[in-house]
Amino acid sequence: MNKYDAVIVGGGFAGIYMLYKAKKIGLKAKLLEAGDEAGGTWHWNRYPGARCDIESMQYSYQFDDALQQEWEWSEKYASQPEILKYIQHVIDRYELGCDMLFNTRVVSAEYDQSSSRWTINTDGETYHSQFCIMATGCLSSANMPDFRGKEIFKGPIYHTGEWPKKSPDFSQKRVGIIGTGSSSIQAIPIIAEQAQHLTIFQRTPNFSVPAQNEPLTPEKQKAVKANYSAFREKGKAQILAYDTYQNIKPGASLSDEEILEECENRWELGALNWYGAFSDIILDQRTNDIVGDFVREKIKRKIKDPQTAEMLMPDSVFGCKRLCADTNYYETFNRDNVTLVDLRKNPIDTFTDQGIKVGEDHHKLDAIISATGFDAMTGSLNRIKITGRDGLTLKEKWEAGPLTYLGLQSAGFPNLFIISGPGSPSVLTCMITSIEQHVDFIGKAITHMKNKNAVAMEATPEAENSWVSHVNEVAGSTLLNNCNSWYLGANVPGKPRVFMPYIGFPTYVEKCEAVIANNYEGFSFEST
């Protein structure tokens, strides 16, 4: 029988570090991964142009200084293949592979109250474990809209979040891509160079700024590594858990001219460093409006055709949806072989055997790419039948929106831990930093249980309700609730509109440390 202290579901950054931590504290652990290799979101998202939008020197593990000192990154923003190479290096370095099982999809997990253990069923085996730890990721459940007529299209249909290992050859092909979010914005410039013609179907334009990617020289890496710990601490002290070259001045205290001057600096700095432009960029409407108008003007100048430029103008609050970082995205619309279709005027009517029909227009295509994002934060958990006390499933409990305490546990599901779950900073931070903080918390909690001979740990309903209210209160004090973003689940039809991540990494860490200091306040323990 497959008996373990901990079963970890998911082989991305979260699962890998959780496995490392579990072994470190003496647990017999097994990691189960649906894919045929480790990598999580970086395994599935291998579309052309896929790369991280947080600087490589920050988007990496920091739990072992020897690891961060020895690894050399080639670019300021690492590409998907390089990130996979790094992940494999970590697995090999710490000899984790022997405890990882691939091509194994978890279909259900059920808690047995009499034994205080979980039974985890996969598509082939059953596992029994005291702890079930979900490292399933926030952006791993692909959202594939059910377009009418999809089944009759004669060509291949791809999803950027489930891209084949052998990338398709689009040369001499008429390609359609649906969606203009982060994945699409990275893929479009490259596919446009390959395809005979690229038709882009856009519902909502997004803000995108230049990534300003460049080779990462040995000299630059050496400068960071000379005092890596201080560099990391500087990042963790900021709201997004990484260094955005934070300007502590609020825009509200500056003139329009001073704000625009800083905007020019941020345009040259590039990528998500815009979040650090002003301390009130997601709080103050005037500041946000000036920033948004600045970026819109920059976008307009990149595009030759005024009508196309108008279609690409975002009308949302700046940063309300996750900011995108690109290389030559807007310039691609100046190519003769690229067409933009505005779905706000006419939505997709139906797929046909030869393409996509929008209103009176029939766009003939040889291949279609769905860049329609993910069922973020809850999708991968809802696809597993997770059953807690008294037969209640997590999906049923979360029917009106996710309920957690600290994003780590949900009342009624003892010994079930969620890494970077809804109600934690997760997607509003450097994910690896948030992952490490969560895994360290879980490791301490399990050690605490062992020391007091406890067999089960569970969030209390009172703590959970209080935390959910707090998460919503914090989000409500910002401008981030002002648009239909995937932070709210707005990209998935029928999904409850609830702001899922917690805003503010340092505040969150302080709360977690206070919980530990107060004998794990908000959690109940069951002893033998």
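Refer to the preceding data block for the structure.
Here's a quick rundown of the structure. (Residues numbered from 1 in each chain as written. Predicted model: local features only at pLDDT ≥ 70, side-chain atom pairs only at ≥ 80, totals over all residues. Heavy atoms only, no water.)

**A word on the packing of aromatic side chains**
The geometry of two aromatic rings is summed up by the distance between their centres and the angle between their planes.
Line of reasoning, step 1. Counted according to the given criterion, the structure contains 36 aromatic pairs.
Line of reasoning, step 2. Measuring from centroid to centroid gives 5.6 Å for Phe 13 and Tyr 59, while their planes differ by 80 degrees, and the two rings are edge-to-face. Of the two residues, Phe 13 sits in helix α1 (residues 13–24) while Tyr 59 sits in the loop between α2 (41–44) and α3 (65–70), which places them 46 residues apart along the sequence. Each member of the pair, Phe 13 as well as Tyr 59, is classed as buried.
Line of reasoning, step 3. Feature note: the residues Phe 13, Tyr 17, Tyr 20, Trp 42, Tyr 59, Tyr 61, Phe 63, Trp 71, Trp 73, Tyr 86 and Tyr 94 constitute an aromatic cluster, connected by ring pairs. (Phe/Tyr/Trp six-rings, centres within 6.5 Å; stacked < 30°, edge-to-face > 60°. Helix = DSSP H or I, 4+ residues; strand = E, 2+ residues; numbered from the N terminus. Buried < 20%, exposed > 50% of the residue type's maximum accessible area, 1.4 Å probe, protein only.)

**So, helix α13 (residues 431–451)**
Each turn of an α-helix holds 3.6 residues, which means side chains three or four residues apart point in the same direction.
Line of reasoning, step 1. Between its first and last C-alpha atoms α13 spans 30 Å; for 21 residues at 1.5 Å apiece the expected length is 30 Å, and the two agree.
Line of reasoning, step 2. Most of α13 sits out of view: 16 of its 21 residues are buried.
Line of reasoning, step 3. In the stretch just after α13, Asn 453 is the one whose phi turns positive, near 55 degrees. (Expected span 1.5 Å × (residues − 1).)

**Comments concerning the side chain of Thr 287**
Line of reasoning, step 1. Along the polypeptide, Thr 287 turns up in helix α9 (residues 285–302).
Line of reasoning, step 2. Exposure remark for Thr 287: the relative accessible area of 0% places this residue in the buried category.
Line of reasoning, step 3. Separated by 3.4 Å, the side chain of Thr 287 and the backbone nitrogen of Ala 252 make a polar contact.
Line of reasoning, step 4. A distance of 2.7 Å separates a polar atom in the side chain of Thr 287 from a polar atom in the side chain of Asp 284.
Line of reasoning, step 5. Setting aside residues up to four positions removed in sequence, Thr 287 forms contacts with Gly 251, Ala 252, Ile 259, Phe 278, Asp 280 and Ile 281. (Polar contact = N/O pair within 3.5 Å; in protein donor to acceptor, adjacent residues only side chain to side chain. Contact = heavy atoms within 4.5 Å.)

**Remarks on the nonpolar core**
Line of reasoning, step 1. One finds Phe 13, Trp 274 and Leu 406 to be the most contacted residues of the largest nonpolar core, which totals 125 residues.
Line of reasoning, step 2. Among the elements that line this core, the one with the most residues is α13, at 9 residues.
Line of reasoning, step 3. Residues within four places of Phe 13 in sequence aside, it is in contact with Trp 42, Tyr 59, Tyr 61, Ile 83, Tyr 86, Ile 87, Ile 432 and Ile 435.
Line of reasoning, step 4. Cys 132, Met 134, Val 455 and Ala 456 belong to the second largest nonpolar core, which has 22 residues in total. (Core = buried A, V, L, I, M, F, W, Y, C linked by side-chain atoms within 4.5 Å.)

**Focus: the sheet that holds strand β8 (residues 174–178)**
Line of reasoning, step 1. Spatially, β7-β16-β8-β9-β12 is the arrangement adopted by the 5 strands of the open sheet, whose pairing is parallel. The open sheet has two edge strands, β7 (157–159) and β12 (338–342), and neither has a second partner. The mean angle between the axes of side-by-side strands here comes to 20 degrees, regardless of whether they run parallel or antiparallel.
Line of reasoning, step 2. Inspection of the sheet shows strand β9 (residues 197–202) paired to β12 by 5 bridges, in the parallel sense. When the bridges of β12 are listed, Phe 201 appears paired with Val 341. (Pairing = 2+ DSSP bridges. Axes fitted to C-alpha atoms, helices over the stretch in contact; angles between N-to-C directions.)

**Some remarks on the state of the cysteines**
Line of reasoning, step 1. Going through the model one piece at a time under the given rule, you end up with 0 disulfides.
Line of reasoning, step 2. Between Cys 430, a free cysteine, and Cys 52, which holds the nearest cysteine sulfur, the sulfur-to-sulfur gap is 7.0 Å.
Line of reasoning, step 3. On the accessibility criterion, Cys 430 (0% relative accessible area) is buried. (Disulfide = S-S within 2.5 Å.)

**Concerning the side chain of Ser 184**
Line of reasoning, step 1. Locating Ser 184 in the fold gives a position in helix α5 (residues 182–194).
Line of reasoning, step 2. For Ser 184, a relative accessible area of 0% translates into the label buried.
Line of reasoning, step 3. From its side chain, Ser 184 meets the backbone oxygen of Gly 179 in a polar contact 2.6 Å long.
Line of reasoning, step 4. Residues in contact with Ser 184, not counting those within four places in the same chain, are Ile 177, Gly 179 and Ala 371.

**Description of the environment of Ile 239**
Line of reasoning, step 1. Relative to the helices and strands, Ile 239 resides in the loop between α7 (228–236) and α8 (256–269).
Line of reasoning, step 2. In this structure, the C-alpha to C-alpha distance between Ile 239 and Gln 68, residues 171 residues apart in sequence, is 23 Å.
Line of reasoning, step 3. In contact with Ile 239, other than residues within four places in its own chain, are Leu 428, Thr 429, Ile 503, Gly 504, Phe 505 and Pro 506.

**Structural notes on the pattern of salt bridges**
Line of reasoning, step 1. All told, the structure shown has 27 salt bridges when counted by the stated rule.
Line of reasoning, step 2. In this structure, Asp 353 and Lys 154 form a salt bridge, with 3.9 Å as the shortest nitrogen-oxygen distance. With Asp 353 in the loop between β13 (348–351) and β14 (355–358) and Lys 154 in the loop between β6 (126–134) and β7, this pair connects stretches of sequence that are 199 residues apart.
Line of reasoning, step 3. Look at Asp 353 and you get partly exposed, because its relative accessible area is 29%.
Line of reasoning, step 4. For Lys 298, the salt bridge identified is with Glu 264, shortest N-O distance 3.4 Å. Placement of Lys 298 in helix α9 and of Glu 264 in helix α8 is noted, with a sequence separation of 34 residues between them.
Line of reasoning, step 5. Accessibility expressed as a relative area gives 36% for Glu 264, which makes it partly exposed. (Salt bridge = Lys/Arg side-chain N within 4 Å of Asp/Glu carboxyl O.)

**Concerning the environment of Val 515**
Line of reasoning, step 1. Following the sequence through the fold, Val 515 ends up in helix α15 (residues 505–517).
Line of reasoning, step 2. Distance in space between the C-alpha atoms of Val 515 and Glu 55 is 31 Å, their sequence separation being 460 residues.
Line of reasoning, step 3. Once residues within four sequence positions are removed from consideration, Val 515 is found in contact with Tyr 405, Leu 406, Phe 441, Tyr 520, Glu 521 and Phe 523.

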